[in-house]
Amino acid sequence: MEQLRLRVPAAEREAWLEAERGSWGPWLARQDGFLGRELYWDPRREQATLLIRWASRAQWQAIPGGELAAVQERFEHIARQATGHSRGNPFPLVFEGELEPQ
């Protein structure tokens with residue numbers, strides 16, 4: 001399982017969800033080995049946690065970096081439009097890791 005945390009201010013939570021729906025959500029649904037994902041938001045820390053489930057680590061890691069970069073650029077473009085930011089990623093990554101079933 002892939003685990004990500006992003007900084008998502010309360011005032012921009014809906015913009016983050018819009019960017020997820022317009023980029024990562026549909027793209028992930030088309031990937032071999034993708035089993036699903038869960039999105040959580042912590043209002044105290046103003047952070048989002050994403051848990052992305054894969055059938056195998058090999059399928060997850062086989063995705064070309066160029067494809068990931070293109071989807072990330074689409075996410076950031078939608079996020080900038082929704083938040084009014086003129087550049088950069090309005091929702092920066094603060095942690096990434098893996099979880100293994102026990």
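Anyway, here's the lowdown on the structure attached to this text. Here the residue numbers are simple positions, counted from 1 along each chain's written sequence. Only residues with pLDDT of at least 70 get local features here, since the model is predicted, and only at 80 or more are side-chain atom pairs given and counted; chain-wide, interface and lining totals rely on the full set of residues. Neither water nor hydrogens contribute to the side-chain values; these are computed over all heavy atoms in the structure.

## Let's talk about the pattern of salt bridges
Working step 1: By definition here, a salt bridge exists when the distance from a side-chain nitrogen of Lys or Arg to a carboxyl oxygen of Asp or Glu is within 4 Å. Under the defined criterion, the tally for this structure stands at six salt bridges.
Working step 2: Where R80 meets E73, a salt bridge forms, and the shortest distance between an N and an O atom there is 3.1 Å.
Working step 3: Via salt bridges that share partners, E73, E76 and R80 belong to a single interconnected network.

## Side note on the packing of helix α1 (residues 13-22) against helix α4 (residues 65-83)
Working note: a packed helix pair is described by the angle between its axes plus the distance between those axes.
Working step 1: Running from N to C, α1 and α4 cross one another at 145°; their axes reach a closest spacing of 8 Å. Here α1 runs over α4; the crossing is right-handed. Contact residues: α1 offers A15, W16, E18, A19, E20 and G22, while α4 offers R74, F75, I78, A79, A82 and T83.
Working step 2: A breakdown of the residues in the contact of α1 with α4 according to their chemical character gives seven nonpolar, two polar and three charged. Fitting a line to C-alpha atoms yields each axis, with helices limited to the stretch in contact; the angle taken between N-to-C directions then spans 0 to 180 degrees. Where helices and strands are cited, they refer to DSSP runs of H or I of at least four residues and of E of at least two residues respectively, numbered from the N terminus. By definition, turning the near helix anticlockwise from the far helix through less than a right angle yields a left-handed crossing, and turning it clockwise yields a right-handed one. Throughout, a contact is declared for two residues whenever any of their heavy atoms are within 4.5 Å. Nonpolar residues are Ala, Val, Leu, Ile, Met, Phe, Trp, Tyr, Cys and Pro. Charged residues are Asp, Glu, Lys and Arg, and all others, Gly as well, are polar.

## Points about unusual backbone geometry
As a rule of thumb, non-glycine residues mostly have phi less than zero, and peptide bonds are mostly trans rather than cis.
Working step 1: Within the chain, E46 stands out as a residue other than glycine whose phi angle is a positive 50°.
Working step 2: Looking at E46, the relative accessible area reads 31%, which means it is partly exposed. Each residue is assigned to one of three classes by its accessible area relative to the maximum for its type, calculated with a 1.4 Å probe on protein chains only: buried under 20%, partly exposed between the two thresholds, exposed over 50%.

## Re the sheet that holds strand β2 (residues 34-42)
Working step 1: With respect to topology, four strands assemble into an open sheet ordered β2-β3-β1-β4, the strand pairing being antiparallel. The open sheet terminates on both sides in strands that have one partner only, identified here as β2 and β4 (93-98). On average, adjacent strands in this sheet sit at an angle of 15° to one another, irrespective of strand direction.
Working step 2: In short, DSSP must find at least two bridges between two strands for them to pair. Sheet topology places strand β1 (residues 2-7) next to strand β3 (residues 47-54); six bridges connect them, and they run antiparallel. Within β3, the position partnered with Q3 by the bridge is L51.
Working step 3: Packed on one face of the sheet, α1 meets β1, β2 and β3 and runs near 170° to β2.

## Points about the layout of surface pockets
A water-sized probe, rolled over the atoms, reveals where empty space remains.
Working step 1: Approximately 490 Å³ is the volume found for the largest pocket.
Working step 2: Lining residues are defined by having an atom within 4 Å of a point belonging to a cavity or pocket. Those points lie on a 1 Å grid over the protein atoms alone, cavities being sets where a 1.4 Å probe fits but cannot get out and pockets being open sets with protein on both sides within 12 Å along at least five of seven lines. Residue lining of the largest pocket: 23 residues in total, with E2, L4, W24, Q72 and E96 positioned closest to the centre.
Working step 3: When residues of the lining of the largest pocket are traced back to their parent elements, those giving at least two are β1, α2 (24-29), β3, α3 (57-61), α4 and β4.
Working step 4: Here the element with the most residues in the lining of the largest pocket is β4; it accounts for four residues.
Working step 5: Looking at side-chain class alone, the lining of the largest pocket contains 14 nonpolar, four polar and five charged residues.
Working step 6: Grid points are joined across faces, edges and corners, and a volume is the space filled by probe spheres set on the points. Considering only enclosed or pocket space, the second largest pocket measures out at about 160 Å³ in volume.

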